[in-house]
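If you want the building blocks of each chain, they are given just below.
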Amino acid sequence: TKPPPPPRGSQEGLDCARYRGCRAWCPEQTKSRMYKATSQGTRDRVRRILDHLQQHVHQRFRGNRPEIPLNAVEEEAMELMGSFNHIDLSMMMSKYAKIGTRPGRVLLERMERQGVAKIDHFDPQAIGITMWAYAKLGVRPGTELLARVERRAV
């Protein structure tokens, strides 16, 4: 019989061979699912971009000082935009909305193009968060993105 899983977040006694499918706490399962489409190095760079944006969110609400200026984060994001998945795009828009700063025009256009290309992978929550971020930033999404979102919603 299978032993009970360790407490949530615990790393003790972790044996993925025995706990297949326990993505909630198994780092190996989570990692394999998260990194299946791109290389480890690229995923790490995308994650760092989102972490730097989160630092800017903390600066706005807590006064913490971010390590990297926002324009440098945008440049890195533009370079890696093709590696962003649907969750990364949604999180990025959400973080800009929380910061209260519109992304640069070029970055916004690239994010929108990626969103259109990957809209079939967006779940309802990611669509909702992305549309909320556009509204919060006072930016109207492009007609193609809105049409694709509408088709997904119906």
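Use the structure listed above.
In this text the structure is predicted, and so the values were computed from the model without any measurement. (Residues numbered from 1 in each chain as written. Predicted model: local features only at pLDDT ≥ 70, side-chain atom pairs only at ≥ 80, totals over all residues. Heavy atoms only, no water.)

Looking at the packing of helix α5 (residues 105–117) against helix α7 (residues 143–153)
Phase 1 of the analysis: Where α5 contacts α7, the axes come no closer than 9 Å and their chain directions differ by 30 degrees. Taken together, α5 and α7 sit at an angle that is classed as roughly parallel. Like other packed secondary-structure pairs, α5 and α7 cross with a definite hand, here left-handed. Two secondary-structure elements touch here, α5 through Glu 112, Gly 115 and Val 116 and α7 through Glu 144, Leu 145 and Arg 148.
Phase 2 of the analysis: When grouped by side-chain class, the residues that make up the contact of α5 with α7 number 2 nonpolar, 1 polar and 3 charged. (Axes fitted to C-alpha atoms, helices over the stretch in contact; angles between N-to-C directions. Helix = DSSP H or I, 4+ residues; strand = E, 2+ residues; numbered from the N terminus. Parallel < 35°, antiparallel > 145°, perpendicular 65-115°, else oblique. Left-handed = near helix turned anticlockwise from the far one by under 90°. Contact = heavy atoms within 4.5 Å. Nonpolar A, V, L, I, M, F, W, Y, C, P; charged D, E, K, R; others polar.)

Notes on the nonpolar core
Across soluble globular proteins, you tend to see nonpolar side chains buried next to one another.
Phase 1 of the analysis: Membership of the largest hydrophobic core comes to 31 residues, with the highest contact counts inside it found for Leu 53, Phe 84, Met 92 and Met 111.
Phase 2 of the analysis: Of all the elements, helix α4 (residues 86–99) adds the most residues to this core, at 6 residues.
Phase 3 of the analysis: When residues no more than four places from it in sequence are discounted, the contact partners of Phe 84 are Val 46, Ile 49, Ala 77, Leu 89, Met 92, Gln 114 and Lys 118. (Core = buried A, V, L, I, M, F, W, Y, C linked by side-chain atoms within 4.5 Å. Buried < 20%, exposed > 50% of the residue type's maximum accessible area, 1.4 Å probe, protein only.)

A short note on the pattern of salt bridges
Phase 1 of the analysis: Applying the stated criterion across every chain, the model contains 5 salt bridges.
Phase 2 of the analysis: With a shortest N-O distance of 2.7 Å, Arg 43 and Asp 88 are connected by a salt bridge. With Arg 43 in helix α2 (residues 40–62) and Asp 88 in helix α4, this residue pair connects regions lying 45 residues apart in the sequence.
Phase 3 of the analysis: Overall, Arg 43 belongs to the buried group, its relative accessible area being 3%.
Phase 4 of the analysis: Arg 45 is paired through a salt bridge with Glu 76; the nearest N and O atoms lie 3.0 Å apart. Here Glu 76 lies in helix α3 (residues 70–80) and Arg 45 lies in helix α2, a separation of 31 residues in the sequence.
Phase 5 of the analysis: In this structure Arg 45 comes out as partly exposed when scored by relative accessible area, which is 25%. (Salt bridge = Lys/Arg side-chain N within 4 Å of Asp/Glu carboxyl O.)

Topic: the environment of Leu 80
Phase 1 of the analysis: Relative to the helices and strands, Leu 80 is located in helix α3.
Phase 2 of the analysis: For Leu 80, a relative accessible area of 7% puts it in the buried group.
Phase 3 of the analysis: Separated by 35 residues in sequence, Leu 80 and Arg 45 have C-alpha atoms that sit 8.1 Å apart.
Phase 4 of the analysis: Look past the residues within four positions of Leu 80 in its chain and what remains in contact with it is Thr 42, Arg 45, Val 46 and Ile 49.

Just distances and angles here, no functional claims.
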